[in-house]
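Below, each chain spelled out in residue letters.
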Amino acid sequence: MRIMGDRPEGGHLKPSQRWLGSGWLGTRSGKIISLVAVLVVAALGGAFAAVGPLQASPIGSEAATAVRTQPGTAFPVVTPASAQTVPVTGAKEVNPSAPVTVTAAGGTLDNVSLRSSTGQDVEGTLDAARSVWTSSGSLSFNARYTLSYTTLDGAGRTATATSTFATVSTANEADAAMYPLDGMNVGVAQPIQLTFSEPVKNKKAVEKAITITSSSGQAGAFHWYSDTVVRYRPEQYWAAHSSITVKMDLFGVDLGNGQIGNFSKTNTVHIGDKRTAVADAQAHTFTAYINDKPVQTWPATLGDTRFPSAKGFLVLMEKQRKAHFVAASIGLKPGDPANYGELDVEYATRLTPSGEFIHQATDTAIPYLGNANVSHGCIGLGPDGASWVFNNMTTGDVVQILNTQGDFANFDDGFGDWNIPWAQYANA
């Protein structure tokens, strides 16, 4: 039921008047009362007052407020910041060379840290926008890490989070050994050899990670002899008095089958004079050269028809002032006419792991020097020739054996790289 009061004279309302309970008010008074009513509602209504349509003055965003621990209700609403990590939390077998990153969306990053379970911190940097953090230090194998970070959104709200992961285990860690050793002085025919602790399936990735340069500017090629052995040589011998630098960036390289390289290192090898020799099984001679100039020719005896010397190029490997030979090591048994039992020889320079040497001929072989081949595959010289080779030639120098009935030594029996045609070597 509507309660009616007295109408104004004439019974018609003026545009500037309105009815309020027991009487009529003018427009100015009505506005004052309306504003008071709105303010009362605002005081009582809480959040309604902040977003109501009759705001007395603009209300700022949360971005201008103090740091909050709870989402506020200011207008406009600010979306909380988020972040993504690489690797994801809980990841296992993470490559220790891969960078760790935190990327913020809708805000910035602060207080980022990466620490191993043993307390070792890993350095990192924030970009200019403070939205991406990237690790700059290497991780360790077989380690657990905790990545902690704080995000800050446009409203000043902060949130802290952590992520954990584990790197590649020891069982998937791959090593490699290089020969010649770092700083070693070798001859012009010495290939660079890398022997891996685990089979390499991603051979191209490994080759890409190894940079070999020569002070002479010579380029070379890799040749894989197996899944664990690769060698590198130029088309021609290394230049005399040059240096070879081998930069191995193998840390973090995926060798295949989950095996990851565990080191990076740079080695340098020094090349001396060009020292070569030619042994002729038909002429029974041995001629030495230094920088392509002949030094001397000595009478020699090489392998007989039953044990012919290997043909082709053989690279000197090591030297022993006295070496002990055992016939049984090459399959000879008691009763065999070729069985010499055990004996010691002088000035032994190894050509193959299987047992071919340049050495001083035994007393029984001395009469055959320059006349006949009576050895078990070795190159026998007199005391002068054998001692000259021992004292003047070294690892990486090369001997070419001519006119023998023997075959090439097996690829893994010493360094027979120079017996492989270059086109075949470089494209294997």
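Residues numbered from 1 in each chain as written. Predicted model: local features only at pLDDT ≥ 70, side-chain atom pairs only at ≥ 80, totals over all residues. Heavy atoms only, no water.

### Some thoughts on the overall build of the protein chain
Check the secondary structure of the protein chain and you find five helices and 30 strands. Split into buried and exposed, the 428 residues of the protein chain put 40% on the buried side. For the protein chain, the exposed area adds up to about 22,800 Å²; of that, 54% sits on carbon and sulfur atoms. (Helix = DSSP H or I, 4+ residues; strand = E, 2+ residues; numbered from the N terminus. Buried < 20%, exposed > 50% of the residue type's maximum accessible area, 1.4 Å probe, protein only. Areas by Shrake-Rupley, 256 points an atom, 1.4 Å probe, with all protein chains shown as cover.)

### Regarding the packing of aromatic side chains
This model, assessed by the stated rule, comprises 13 aromatic pairs. Seen in terms of ring centroids, Y145 and F165 are 5.7 Å apart; in terms of plane orientation they differ by 20 degrees. Their pairing is stacked. Residue Y145 is found in strand β9 (residues 144-153), and its partner F165 is found in strand β10 (residues 158-167); the two are separated by 20 residues along the sequence. Residue F165 is classed as buried on the basis of its relative accessible area of 2%. (Phe/Tyr/Trp six-rings, centres within 6.5 Å; stacked < 30°, edge-to-face > 60°.)

### A word on the sheet that holds strand β13 (residues 185-186)
Taken together, four strands build an open sheet; the order of strands is β13-β21-β18-β15 and the sheet is mixed. The sheet terminates laterally at β13 and β15 (210-214), the two strands that pair on one side only. (Pairing = 2+ DSSP bridges.)

### Digging into the environment of F263
Here F263 shows up in the loop between β20 (259-261) and β21 (264-271). Residue F263 is classed as buried on the basis of its relative accessible area of 16%. On a C-alpha basis, the gap between F263 and D249 in space is 7.2 Å, while along the polypeptide they are 14 residues apart. Not counting residues up to four positions away in its chain, the partners in contact with F263 are D175, A176, M248, D249, L250 and F251. (Contact = heavy atoms within 4.5 Å.)

### What to know about the pattern of salt bridges
The full count for this structure, using the stated rule, is 13 salt bridges. Between K322 and E346 there is a salt bridge, with its nearest N and O atoms 2.7 Å apart. Of this pair, K322 sits in strand β26 (residues 319-326) while E346 sits in strand β27 (residues 342-350); the two residues are 24 residues apart in sequence, bridging distant segments of the chain. Exposure remark for K322: the relative accessible area of 57% places this residue in the exposed category. (Salt bridge = Lys/Arg side-chain N within 4 Å of Asp/Glu carboxyl O.)

### Quick notes on the layout of surface pockets
Empty space within the largest pocket amounts to approximately 690 Å³. Considering the residues around the largest pocket, the lining is formed by 31 residues, among which F325, Y340, S375, H376 and C378 are closest to the centre. Those elements that place two or more of their residues in the lining of the largest pocket are β26, β27 and β28 (357-360). Examining the composition of the lining of the largest pocket, we find that five residues originate from one element, β26, more than from any other. Classifying every residue of the lining of the largest pocket gives 16 nonpolar, 13 polar and two charged. (1 Å grid on protein atoms, 1.4 Å probe; cavity = no way out; pocket = protein on both sides within 12 Å on 5 of 7 lines; lining within 4 Å. Points joined across faces, edges and corners; volume = space filled by probe spheres on them. Nonpolar A, V, L, I, M, F, W, Y, C, P; charged D, E, K, R; others polar.)

### What about the nonpolar core?
Within the largest apolar cluster, 34 residues are counted, with the highest numbers of intra-cluster contacts made by I192, F196, V206 and I210. Within the residue set of this core, elements represented by two or more residues are β12 (176-179), β14 (192-196), α3 (203-209), β15, β16 (220-224), β17 (229-234), β18 (243-249) and β21. Not counting residues within four places of it along the chain, the set of residues in contact with V206 comprises F196, V200, W224, L250, V253 and L255. Ranked by size, the runner-up nonpolar core spans 23 residues in total, among them L302, M393, V399 and I401. (Core = buried A, V, L, I, M, F, W, Y, C linked by side-chain atoms within 4.5 Å.)

### Some thoughts on unusual backbone geometry
Across the junction of V86 and P87, the peptide omega takes the value 5 degrees, indicating a cis bond. Residue P180 follows Y179 across a cis peptide bond; omega there is 5 degrees. Mapped onto the elements, P180 comes out in the loop between β12 and β13. One non-glycine residue, R130, lies in the positive phi region at around 55 degrees. In this structure R130 comes out as partly exposed when scored by relative accessible area, which is 37%.

### Details of the pairing of β14
Among the five residues of β14, four are classified as buried, and the element is accordingly described as predominantly covered. Bridge count for β12 against β14 is four bridges, and the pairing is antiparallel. Pairing of M178 across the sheet is with L194, part of β14. Bridge count for β14 against β17 is four bridges, and the pairing is antiparallel.

### Focus on the side chain of H223
Relative to the helices and strands, H223 resides in strand β16. Residue H223 is classed as buried on the basis of its relative accessible area, which comes to 8%. Here the side chain of H223 touches Y425 through a polar contact of 2.9 Å, landing on its backbone oxygen. Setting aside anything within four residues of it in sequence, one finds H223 in contact with V229, V230, R231, I420, Q424, Y425 and A428. (Polar contact = N/O pair within 3.5 Å; in protein donor to acceptor, adjacent residues only side chain to side chain.)

### Examining the sheet that holds β17
Pairing is antiparallel in the open sheet, where four strands are placed in the order β12-β14-β17-β16. The open sheet terminates on both sides in strands that have one partner only, identified here as β12 and β16. Put simply, the sheet's adjacent strands are angled 20 degrees from each other on average, direction ignored. Summarising the sheet, β16 and β17 pair through five bridges and their orientation is antiparallel. Considered in β17, the bridge of A221 is made with R233. (Axes fitted to C-alpha atoms, helices over the stretch in contact; angles between N-to-C directions.)

### Here's the deal with helix α4 (residues 383-392)
Each full turn of the α-helix corresponds to 3.6 residues, which orients residues three or four apart in the same direction. Of the residues making up α4, those classed as buried are G385, A386, S387, W388, V389 and F390. At its buried positions, α4 is contacted by β23 (285-290), β24 (293-301), β26, β27, β28 and β29 (379-381).

### A short note on the environment of V269
Checked against the element boundaries, V269 lands in strand β21. V269 gets classed as buried once you look at its relative accessible area, which sits at 1%. The spatial distance from the C-alpha of V269 to the C-alpha of Q190 is 9.9 Å, given a sequence separation of 79 residues. Excluding residues within four positions of it along the chain, V269 makes contact with M178, P180, L181, M184, V186, I192, S242, S243 and I244.

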